[in-house]
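# Structure assessment
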Amino acid sequence: MGGERKGEQTHVLFVEDDDVIREATQLALERDGFVVTAMPDGLKGLEAFRADRPDIALLDVMVPGLDGVSLCRRIRDESTVPVIMLSARADSIDVVLGLEAGADDYVTKPFDGAVLVARIRAVLRRFGHAGGPSAAGAGATGEAAGAGGAVLHFGDLEIDTEGMEVRKDGTPVALTPTEMRLLLEFSSAPGTVLSRDKLLERVWDYGWGGDTRVVDVHVQRLRTKIGQDRIETVRGFGYKLKA
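Below, the structure is looked at part by part. Given the structure is predicted, the values throughout are model-derived calculations rather than measurements.

### What about the pattern of salt bridges?
Applying the stated criterion across every chain, the model contains 19 salt bridges. A salt bridge links D32 to R121; the nearest nitrogen and oxygen atoms lie 3.8 Å apart. Remark: R121 occurs in helix 5 (residues 113-127) and D32 occurs in the loop between helix 1 (19-31) and strand 2 (35-39); sequence separation between them is 89 residues. By relative accessible area, which is 32% here, D32 ends up partly exposed. The partner of E78 in a salt bridge is R50, with the nearest N and O atoms 2.6 Å apart. Residue E78 is found in helix 3 (residues 68-78), and its partner R50 is found in helix 2 (residues 42-52); the two are separated by 28 residues along the sequence. Within this structure, E16, D60 and K109 form a network of salt bridges that share partners.

See below:
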């Protein structure tokens, strides 16, 4: 199916080399109201991304031409569009590599279509998009405190919660929407330990237990941007923002 937007439907770029999985997943997503551009390899996926500018990208880790992790890096160099990686092995290093490359979440294959749709919509809510007709109008959940236009200061870190901008020593810091939401959660309760499960619930909108590696990798990515010492690890409990 082409990449043209229809009304308020969400455009999904899906890159998967397995013909059966690609076609079945595309049909399932289209039944749920998404517009899907499906590509069999990473190079074609990159071309489609640049041509269509989709609302979200689903990338299988092991695709030919340009693997999913490398494709994620290329997309992240150009855009903050949400990315979900698809991996055949939950314990694979590819999962961590994908998250480190800038992916916002991952789903393990084989996956249930309803679970995939739920995860897509959860990511889209965080990014302020609708996730198909039945999710139209859904707002972001777990709004972090600090809304209302406050500018928060933590040492050399400045967080504009209305303008959604962050500066370190006066220099703008480029954060993905997921990293921004994570930082807003920490800044809403500085000095308070937030568990990984709580962060999964508030930032990733998981109403169920999830893989805490998603949190750990995003915290590390956030640290590299705002300062390694700004977010403290409290072993056995979680993380906290130093006030």
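Right, picking up where we left off after that structure.
### Regarding the nonpolar core
By size, the foremost hydrophobic cluster in this structure holds 50 residues, and its most contacted members are L59, M85, I159 and F186. Here the element with the most residues in this core is helix 8 (residues 213-226); it accounts for six residues. Beyond its immediate stretch of four places on either side in the chain, M85 contacts L59, V61, G68, V69, C72, G98, A103, D105, Y106 and V107. Among the nonpolar cores identified, the runner-up in size contains 18 residues, and L58, V107, L116 and F127 belong to it.

About the criteria used
- Throughout, residues of each chain are indexed from 1 in the direction in which the sequence is written.
- Only residues with pLDDT of at least 70 get local features here, since the model is predicted, and only at 80 or more are side-chain atom pairs given and counted; chain-wide, interface and lining totals rely on the full set of residues.
- With hydrogens and water stripped out, all remaining heavy atoms of the structure feed into the side-chain values.
- The term salt bridge refers to a side-chain nitrogen of Lys or Arg lying within 4 Å of a carboxyl oxygen of Asp or Glu.
- Elements are defined by DSSP. Helices are runs of H or I of four residues or more, strands are runs of E of two residues or more, and each kind is numbered from the N terminus.
- Only protein chains enter the accessibility calculation, which uses a 1.4 Å probe; a residue whose area is less than 20% of its type maximum is buried, one above 50% is exposed, and one in between is partly exposed.
- Residues grouped as a nonpolar core are buried Ala, Val, Leu, Ile, Met, Phe, Trp, Tyr and Cys residues, joined through side-chain atoms within 4.5 Å.
- For this analysis, residues touch if any pair of their heavy atoms sits within 4.5 Å.

Limitation: the analysis is restricted to geometry and does not speak to function.
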